[in-house]
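Here is how the chains run, residue by residue.
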2 protein chains.
Amino acid sequence: MVLSGGTSPSISTETHERIVKAAAELGYTPNRFAQALRTSRTMTIACVVPDISNPFYPALMRGVQSVTDGENYDLIAFNTDGTPDRERHFLAWARQGRVDGVVGVFFTLRASDFRPLVESGVPVVRIESSKKQGGPIAIDDIYVDSRAAAEAVTNYLTSRGHTRIAMVAGRGGPQGTRVEGYKAALLAAGGTPHVVIVDEFSEAGGLGAAETVLASGYKPTAIFAANDLMAIGVMQALRERGIEIPGEIAVVGFDDISAAKLVTPPLTTVTQFQRDMGVKAAQILMHRLRGPRGEAGTAIEMPFGLIERNST
Amino acid sequence: MVLSGGTSPSISTETHERIVKAAAELGYTPNRFAQALRTSRTMTIACVVPDISNPFYPALMRGVQSVTDGENYDLIAFNTDGTPDRERHFLAWARQGRVDGVVGVFFTLRASDFRPLVESGVPVVRIESSKKQGGPIAIDDIYVDSRAAAEAVTNYLTSRGHTRIAMVAGRGGPQGTRVEGYKAALLAAGGTPHVVIVDEFSEAGGLGAAETVLASGYKPTAIFAANDLMAIGVMQALRERGIEIPGEIAVVGFDDISAAKLVTPPLTTVTQFQRDMGVKAAQILMHRLRGPRGEAGTAIEMPFGLIERNST
DNA sequence: CTGTTAGCGCATTCAG
DNA sequence: CTGAATGCGCTAACAG
């Protein structure tokens with residue numbers, strides 16, 4: 001009992017220490033799996049991300065891990081590639097009783113898809129990119145309001161005199177909401193939105209999209225890319241044509257990946273404080289694990305921040 | 001038995017399918033922890049890295065995961081920050097019978113530190129940055145010869161006419177070997193080495209080191225940084241002083257992190273094919289898990305590759 | 001070849 | 001308050 005971390009007033013501190021010491025000398029350590037079998041608590045959390053090698057996610061995971069470590073939970077990393085197949089596969093996997101809880105980013109699953117898992121007693125905290133309500137299913141959401149962030153970016157640009165602002169984005173994921181925010185804000189400011197959507201949300205996609213914008217006759221004074229990788233592609237396209245950044249065209253990205261401050265000129269972008277999000281998500285999960293399993297889901301908003309660098 | 005993935009010629013394919021189907025309908029799935037308790041195989045692998053948010057490691061982890069996934073092992077991510085404390089803590093953790101095997105990068109632990117773990121039946125595959133021999137302890141090493149890579153970089157620069165090549169490096173980790181290789185190759189080519197060591201192996205460190213080099217009167221025509229982050233810092237320092245890259249001073253890095261090709265100009269660097277290393281390491285681990293637990297350790301070398309971009 | 005049983009190491013319950 | 005007995009769900013060994 002002592003070794004499991006339990007507390008009882010009936011055992012004196014002295015005895016307690018004797019036990020701990022003896023255990024250390026004998027090299028004894030309780031078997032996690034026997035514990036898990038008996039208590040049906042695995043002391044393991046799954047962290048699900050679309051791509052661990054996408055620079056956006058490791059910081060999130062670090063945040064999660066910093067709290068799970070402190071609570072003696074192990075963290076299992078799970079990549080889904082953001083595909084429906086692999087996300088469903090994760091659900092099946094998680095239902096095998098391998099983990100006590102889940103925190104993750106899901107591109108294709110809907111809240112109802114989690115119902116069986118949650119009802120089997122495994123709490124889920126999702127990290128989302130648009131406003132959520134907190135439905136009847138006991139899933140907790142934590143989100144950054146991407147739409148508002150995109151509006152903020154657009155307003156920042158218009159406040160600096162830009163009216164011809166183009167946006168480039170990829171298909172899928174959170175990028176749709178960002179486009180909406182941009183459109184709304186630009187219309188409100190009296191501008192005319194111009195959006196180019198491409199398949200890949202990568203540098204190559206950004207480069208191609210920028211070329212389309214330049215060929216369109218829209219003549220933008222600023223280009224807003226739905227993520228940093230695309231923004232970097234945009235910058236490459238502009239540089240190839242000898243267009244000065246930000247002199248002739250300003251560029252803004254989204255995510256604040258580590259490369260954003262390393263390109264030339266350093267990229268103005270939006271941070272989502274991903275580490276903080278990870279911490280917060282894990283805390284919410286820990287809270288569920290300790291207490292109210294069945295209560296309705298919550299949704300809490302996290303801040304974003306505009307980071308001004310020299311590309312604008 | 002069927003569900004555990006066993007094989008027996010005595011069961012017809014038809015029966016086999018009936019069982020699997022029935023199990024699917026009933027939603028039955030064997031409990032991993034009961035299995036683990038009974039068989040003392042946890043079906044879990046630990047992947048230990050100094051810093052998951054350092055762009056170098058996620059690709060490695062992906063490689064590892066691509067093979068563990070295929071073998072139905074879970075992957076637990078473990079960050080050590082490369083500190084002795086946390087690396088020792090990992091050892092203690094691993095001895096609690098939580099994982100069947102370990103693959104990782106260790107900065108401070110020595111082969112002998114792993115002996116208790118390995119002798120308790122948990123195979124370890126280390127990823128190293130200098131030539132290893134394969135000692136008596138049953139640890140498998142897989143390494144890239146950093147020294148040779150640093151020599152190759154230096155030779156590449158001298159072959160392009162550089163003789164005044166400075167090197168900047170951080171303390172600890174694999175950077176020492178890289179400095180050795182540089183010195184040896186430059187001396188062999190008749191040059192005079194000039195090394196600046198700083199505490200942090202980050203951009204800031206690289207920036208400071210570059211300033212030291214420039215202030216020294218060495219007047220380099222090329223600067224070789226022990227990793228890409230430092231190289232990027234060097235580039236910033238040069239840019240601040242209006243020194244043209246590569247016209248006046250060429251810059252080379254090490255690691256080929258994703259940012260390397262995104263900076264301006266794109267950075268010439270050395271790749272260690274980190275994903276391949278992860279795959280290979282995991283394969284070796286799987287081999288150990290299936291067979292020869294006690295055999296002497298092996299050490300296999302992995303290739304590096306010089307990636308020429310526009311910074312040279 | 002199918003059906004039964006013991007026990008992996010723990011946390012919990014019940015008797016002492 | 002301490003000690004022994006039970007069973008978590010499974011696999012492996014054994015008997016029928």
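Residues numbered from 1 in each chain as written. Chains lettered and ligands numbered in written order. Predicted model: local features only at pLDDT ≥ 70, side-chain atom pairs only at ≥ 80, totals over all residues. Heavy atoms only, no water.

1. Remarks on the packing of aromatic side chains
Residues and elements named next belong to chain A.
Point 1. By the definition in use, this model includes 14 aromatic pairs over all chains.
Point 2. A ring pair is formed by phenylalanine 106 and phenylalanine 114, whose centres lie 4.9 Å apart and whose planes are at 70°; its orientation type is edge-to-face. Assigned by exposure class, phenylalanine 106 and phenylalanine 114 land together as buried.
Point 3. A connected cluster of aromatic rings, assembled from ring pairs, spans Phe78, Phe90, Trp93, Phe106 and Phe114.
Point 4. Against the face of tyrosine 218 rests arginine 164, its NZ or CZ located 4.5 Å from the ring centre. (Phe/Tyr/Trp six-rings, centres within 6.5 Å; stacked < 30°, edge-to-face > 60°. Buried < 20%, exposed > 50% of the residue type's maximum accessible area, 1.4 Å probe, protein only. Lys NZ or Arg CZ within 6 Å of the ring centre and 35° of its normal.)

2. Quick look at empty space enclosed by the protein
Point 1. For the structure on display, the rule yields two cavities of 30 Å³ or more.
Point 2. One number sums up the size of the largest cavity: a volume of about 160 Å³.
Point 3. Breaking the lining of the largest cavity down by element, the ones donating at least two residues are α2 (32–39) and β2 (74–79) of chain A together with α2 (32–39) and β2 (74–79) of chain B.
Point 4. The residue inventory of the lining of the largest cavity, partitioned by class, reads four nonpolar, four polar and six charged.
Point 5. Put simply, the second largest cavity is a space of about 30 Å³. (1 Å grid on protein atoms, 1.4 Å probe; cavity = no way out; pocket = protein on both sides within 12 Å on 5 of 7 lines; lining within 4 Å. Points joined across faces, edges and corners; volume = space filled by probe spheres on them. Helix = DSSP H or I, 4+ residues; strand = E, 2+ residues; numbered from the N terminus. Nonpolar A, V, L, I, M, F, W, Y, C, P; charged D, E, K, R; others polar.)

3. Some details on the protein's contact with DNA strand D
Point 1. Of all residues adjacent to DNA strand D, which total 12 residues, the nearest are Arg38(A), Tyr28(B), Pro30(B), Asn31(B) and Arg38(B).
Point 2. Each atom of DNA strand D within 4 Å of the protein was assigned to sugar, phosphate or base; sugar and phosphate come to 73%.
Point 3. Arg38(A) places a polar side-chain atom, nitrogen or oxygen, 3.3 Å from a base nitrogen of DNA strand D.
Point 4. Of all the secondary structure elements, the ones that give two or more residues to the surface near DNA strand D are α2 of chain A together with α2 of chain B.
Point 5. When residues in the surface near DNA strand D are grouped by element, the largest group, four residues, is from α2(B).
Point 6. Here the surface near DNA strand D is composed, by residue class, of four nonpolar, six polar and two charged. (Near = heavy atom within 4 Å. Polar contact = N/O pair within 3.5 Å; in protein donor to acceptor, adjacent residues only side chain to side chain.)

4. Quick look at the sheet that holds strand β9 (residues 250–252) of chain B
Residues and elements named next belong to chain B.
Point 1. Taken in spatial order, the four strands make up an open sheet running β7-β6-β8-β9, and their pairing is parallel. Lying at the two open borders of the sheet, with one neighbouring strand each, are β7 (194–198) and β9. Going across the sheet, the axis of each strand differs from the next one's by a mean of 20°, ignoring polarity.
Point 2. Against the sheet, helix α6 (residues 146–159) engages β6 (165–170), β8 (222–225) and β9, with an angle of about 170° to β8. (Pairing = 2+ DSSP bridges. Axes fitted to C-alpha atoms, helices over the stretch in contact; angles between N-to-C directions. Contact = heavy atoms within 4.5 Å.)

5. Quick word on the environment of Tyr73(A)
All names here are of chain A.
Point 1. Here tyrosine 73 shows up in the loop between α3 (57–70) and β2.
Point 2. Not counting the four nearest positions on each side in its chain, tyrosine 73 is found in contact with Arg41, Met43, Thr44, Ile45, Thr68, Asp100, Met286 and Leu289.
Point 3. Polar side-chain contacts of tyrosine 73 include one of 2.6 Å to the side chain of arginine 41.

6. Some points on the pairing of strand β4 (residues 124–128) of chain B
Residue and element names in this part refer to chain B.
Point 1. Counting buried residues in β4 gives five out of five residues, a clear majority hidden from the surface.
Point 2. Judged by which residues are buried, β4 turns out to be covered on both faces: Val124, Arg126 and Glu128 on one side and Val125 and Ile127 on the other are all buried.
Point 3. Of the strand pairs in this sheet, strand β3 (residues 101–104) and β4 are connected by three bridges, and their pairing is parallel. Counterpart to valine 103 in the pairing with β4 is valine 125.

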